[in-house]
Amino acid sequence: MSGLPIQPINENVLVGFDKADDAGVYRLREDLAIVQTVDFFTPIVDDPFVYGQIAALNSINDVWAMAGTPLTALAITCFPKQGVDPAILGEIMRGGLETLNKYGVTLIGGHSVDSQQIMFGYAVTGVIDPARIATNAGARPGDVIILTKPIGTGIISTGIKFEKTSPEIAASSVATMLTPGRYAAEAMREFDIKGATDVTGFALLGHAWEMARASAITIEIDAGKVPLLDGALELAVAGMLTSGDKTNREYIGQDIEIASTVDENLIRLLYDPQTAGGMLISVAEDSSSALLQRLKVTYPLAKVIGRVVPKASHSIMVKSV
């Protein structure tokens, strides 16, 4: 969508697609705006019910990443009419619906397409206070960067596909994906956070770069402080990479500086596309300890992984331990 014109500008569009944010925000009145997003993807686990759960949460997370409250959802389904048991689609949708209901999101319809490639997800609409929106343009020099969840879901999903992942590692990855961003959104509202995004397909580095670009700052990440899912580094060593590794490197391009001492396999994880990943939150340093303590109640591996440095080059710097 980057090549599309953004004119005419509507004054009620508070967040559009020009800065690659998690969702769009449209103001209805001075104290109320709607948040809209859409996301769907191919199966990443073997269990169709769990796939539906993850797809639902992945879509809802985009509203939470803005510090909004999700309300309704429309299902998006690509599924073959022949050759695959339709009961599988029933399980996918059942898993998704259970997750929507669990977090107070009402399914109001959807659309399906006959396709050999199975895909599933939702368009989600929520509400937000226009004065309390968290966007990827809200990071400021002097802030520290908090990541709420460990990374590695993409590499682990590839390991599942090639039967290289143990049941314990797969279960840990699924549990991480199914941990909702709702509590992070509540904490962001409590601490009046203005800079945040969720870590999904463009990986930790890609979404950090989007934040740096939108905020016109530089983010310095300490690679050694980034939390990793159990088994992810070993699978990276084994070459269990997704196609997103290459495309995410191309996406960031030259706007990154990685210290030569950072292990190449760790770098692969930093470029690993995530599903239902954690929130990347920019917060003033004097508030970071209190926010981190609040987040750790739900996200025990949440960590400060870097900081915003006073260098407006719109780039990412990754240093070693």
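Only a predicted model underlies this, so the values are computations on that prediction, with no experimental measurement involved.

The rules we used
Residues numbered from 1 in each chain as written. Predicted model: local features only at pLDDT ≥ 70, side-chain atom pairs only at ≥ 80, totals over all residues. Heavy atoms only, no water. Pairing = 2+ DSSP bridges. Helix = DSSP H or I, 4+ residues; strand = E, 2+ residues; numbered from the N terminus. Axes fitted to C-alpha atoms, helices over the stretch in contact; angles between N-to-C directions. Core = buried A, V, L, I, M, F, W, Y, C linked by side-chain atoms within 4.5 Å. Buried < 20%, exposed > 50% of the residue type's maximum accessible area, 1.4 Å probe, protein only. Contact = heavy atoms within 4.5 Å. Phe/Tyr/Trp six-rings, centres within 6.5 Å; stacked < 30°, edge-to-face > 60°. Patch = residues over 30% accessible without salt bridge, like charges linked within 9 Å, V, L, I, M, F, W, Y side chains within 5 Å. Areas by Shrake-Rupley, 256 points an atom, 1.4 Å probe, with all protein chains shown as cover. Salt bridge = Lys/Arg side-chain N within 4 Å of Asp/Glu carboxyl O. Expected span 1.5 Å × (residues − 1).

(A) Quick look at the sheet that holds strand β3 (residues 32–41). One open sheet holds the six strands; their spatial order is β1-β2-β3-β6-β4-β5, and the pairing between them is mixed. Two strands in the sheet have a free side with no partner beyond their single neighbour: β1 (13–15) and β5 (106–114). On average, each strand axis in the sheet is inclined to that of its neighbour by 25 degrees, with strand direction left out of account. Judged from the eight bridges that link them, strand β4 (residues 69–79) and β5 form a sheet pairing that is parallel. Bridging from a neighbouring strand, T77 pairs with S112 of β5.

(B) Representation of the pairing of strand β12 (residues 303–309) within the structure. Across four bridges, strand β7 (residues 143–147) lies against β12 in antiparallel orientation. Directly across from I146, in β12, lies its bridge partner V304. Of the strand pairs in this sheet, strand β9 (residues 218–222) and β12 are connected by four bridges, and their pairing is antiparallel. Bridge pairing links I221 to G306 in β12.

(C) Molecular detail of the nonpolar core. Counting 54 residues, the largest nonpolar core has V25, M66, Y122, I281, L291 and L295 as the members making the most contacts within it. The element contributing the most residues to this core is helix α1 (residues 48–65), with ten residues. With near-sequence residues (within four places) excluded, I281 lies in contact with V144, I145, I146, T148, M188, I193, G195, A196, L291 and L295. With 38 residues, the next largest nonpolar core counts A170, W209, A232 and L266 among its residues.

(D) View of the packing of aromatic side chains. Applying the stated rule across the entire model yields six aromatic pairs. A centroid spacing of 6.0 Å and a plane angle of 65 degrees characterise the contact between F41 and Y51, whose relative ring orientation is edge-to-face. Of the two residues, F41 is situated in strand β3 and Y51 in helix α1; the sequence distance between them amounts to ten residues. You'll find F41 and Y51 in the same group, each marked buried.

(E) Layout of a nonpolar patch on the surface. On the surface, V13, Y26 and L28 cluster together into a nonpolar patch covering about 250 Å² of accessible area. Considering the arrangement of structural elements, one finds Y26 in strand β2 (residues 24–29). A residue is classified by how much of its surface remains accessible, and Y26, at 32% relative accessible area, is partly exposed.

(F) How the structure looks around α1. Counted at 1.5 Å a residue, the expected span for α1 with its 18 residues is 26 Å, and the 26 Å between its end C-alpha atoms agrees. Most of α1 is tucked away: 17 of the 18 residues are buried. Once α1 ends, the next one or two residues include A67, with phi positive near 75 degrees.

(G) Spatial organisation of the pattern of salt bridges. Within the structure shown, the criterion is met by eight salt bridges. For the salt bridge of D192 with K194, the shortest nitrogen-to-oxygen distance reads 3.3 Å. The partly exposed category is assigned to D192, whose relative accessible area is 41%. Of the charged contacts in the structure, one is a salt bridge between E285 and R307, with a shortest N-O distance of 3.8 Å. With E285 in helix α10 (residues 285–295) and R307 in strand β12, this residue pair connects regions lying 22 residues apart in the sequence. The class for R307 is partly exposed, based on a relative accessible area of 34%. In this structure, a network of salt bridges that share partners links the residues D245, R249 and E264.

(H) Structural context of unusual backbone geometry. Even without glycine at this site, A67 takes up a positive phi of about 75 degrees. Its location among the elements puts A67 in the loop between α1 and β4. At E163, a position not held by glycine, the phi torsion is positive, near 55 degrees. Examined against the element boundaries, E163 turns out to sit in the loop between α3 (153–161) and α4 (167–177).

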